[in-house]
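So you can see what is in the structure, the chains are spelled out below.
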Amino acid sequence: MKRELGIARCGLACCLCSENDKCNGCGSGGCAYKDMCKNLKCSAERHLAACSECKEECKKGLLSKIKPYTFTLFIKRYGIDELLDCLERNEKNGIVYHREGIIGDYDDFDDPEKLIAFIKTGKR
Ligand code: SF4
Ligand code: SF4
């Protein structure tokens, strides 16, 4: 885990991304989605560092996906350091963020509350 890369504006975990050997994270220009990214554009227009700082209940762009949506929700509730601590601990325990392409162990959920419980406990 490259903790210093943190979490992207949209909630994706740049720190654990399988592309982070050649990309320095959201805003560095390396993200494949950046030209069409609604979250980057909208949060910048609102002078916010990330969607997790926004008060809107929003499913725009990447927030339509369970993983970035839930990571954003987690940060709103518990803070970014708590999310990074959980992700770091889970990685050490064998939980993989990108197992096949951009799909991994945090994607197979349809309920944000269940994903939050998994992030916190590492157990399904
Ligand atoms: S999808 Fe947008 S907000 Fe997310 S990492 Fe890429 S550029 Fe950043
Ligand atoms: S409105 Fe949505 S996309 Fe825009 S900053 Fe807020 S959460 Fe992000």
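The paragraphs below set out a description of the structure included in this document.

Cut-off values and rules
All residue numbers here refer to positions counted from 1 along the written sequence of the relevant chain. Working convention: letters from A go to chains and numbers from 1 go to ligands, in the order in which they are written. With the structure being a predicted model, the display of local features is reserved for residues of pLDDT at least 70 and the display and counting of side-chain atom pairs for 80 or more, all residues being used for whole-chain, interface and lining totals. Near, for a residue, is defined by distance from a backbone-placed C-beta atom to a molecule or strand, with 6 Å as the limit that must not be exceeded. Here the term charged refers only to Asp, Glu, Lys and Arg, the term nonpolar to Ala, Val, Leu, Ile, Met, Phe, Trp, Tyr, Cys and Pro, and the term polar to all other amino acids, Gly among them. Note on conventions: DSSP H or I runs of at least 4 residues are helices, E runs of at least 2 residues are strands, and numbering of each starts at the N terminus. A helix is expected to reach a length of 1.5 Å times the quantity of its residues less one. For every residue, the other C-beta atoms within 10 Å of its own C-beta are counted; 20 or more classify it as buried, 12 or fewer as exposed, and values in between as partly exposed. C-beta atoms are placed from the backbone. What the arc covers is the set of directions going from the helix axis to the C-beta atoms. Any residue pair is listed as a contact if its two C-beta atoms, each placed from the backbone, are within 7 Å. Note on terminology: a nonpolar core is any set of buried Ala, Val, Leu, Ile, Met, Phe, Trp, Tyr and Cys residues joined through C-beta atoms within 7 Å.

**Some remarks on the site of ligand 2**
Now for step 1: In the vicinity of ligand 2, the contacting residues are Lys 38, Asn 39, Cys 42, Ser 43, Arg 46, Leu 48, Cys 51, Cys 54, Glu 56, Cys 58, Lys 60 and Gly 61.
Now for step 2: Residue composition of the shell around ligand 2, by class: five nonpolar, three polar and four charged.

**Topic: helix 3 (residues 80-92)**
Now for step 1: Between its terminal C-alpha atoms helix 3 stretches 18 Å, which fits the 18 Å expected from 13 residues at 1.5 Å a residue.
Now for step 2: Buried within helix 3 are the following residues: Leu 83, Leu 87 and Asn 90. Burial along helix 3 is one-sided: seen end-on, the buried residues are contained in an arc of 65°. Those residues of helix 3 that are exposed and aimed more than 90 degrees away from the buried face are Asp 81 and Lys 92.
Now for step 3: For helix 3, the elements touching its buried residues are helix 2 (66-78).
Now for step 4: Of the residues one or two after helix 3, Gly 94 is the one with positive phi, at around 95°.

**A word on the environment of Lys 65**
Now for step 1: Looking at where Lys 65 falls in the secondary structure, it is placed in the loop between helix 1 (38-45) and helix 2.
Now for step 2: Along the primary structure Lys 65 and Gly 30 are separated by 35 residues, whereas in three dimensions their C-alpha atoms are 20 Å apart.

**Some points on helix 2**
Now for step 1: Helix length check: helix 2, at 13 residues, gives a terminal C-alpha distance of 18 Å against a target of 18 Å (1.5 Å per residue), a fit within 8%.
Now for step 2: Looking only at helix 2, the buried set comprises Lys 67, Pro 68, Thr 70, Phe 71, Thr 72, Phe 74 and Ile 75.
Now for step 3: Looking at the buried residues of helix 2, the elements they touch are helix 3 and helix 4 (112-121).
Now for step 4: Positive phi appears at Gly 79, one or two residues downstream of helix 2, with a value of about 95°.

**Looking at the nonpolar core**
In a soluble, globular protein the nonpolar side chains are often hidden away together inside.
Now for step 1: In terms of nonpolar packing, the biggest core is built from 26 residues, with Ile 7, Leu 12, Ala 13 and Cys 14 touching the most fellow members.
Now for step 2: Those elements that place two or more of their residues in this core are helix 2, helix 3 and helix 4.
Now for step 3: Top contributing element to this core by residue count: helix 2, with three residues.
Now for step 4: Among all residues touching Leu 12, those that are not within four sequence positions of it are Cys 17, Leu 62 and Pro 68.

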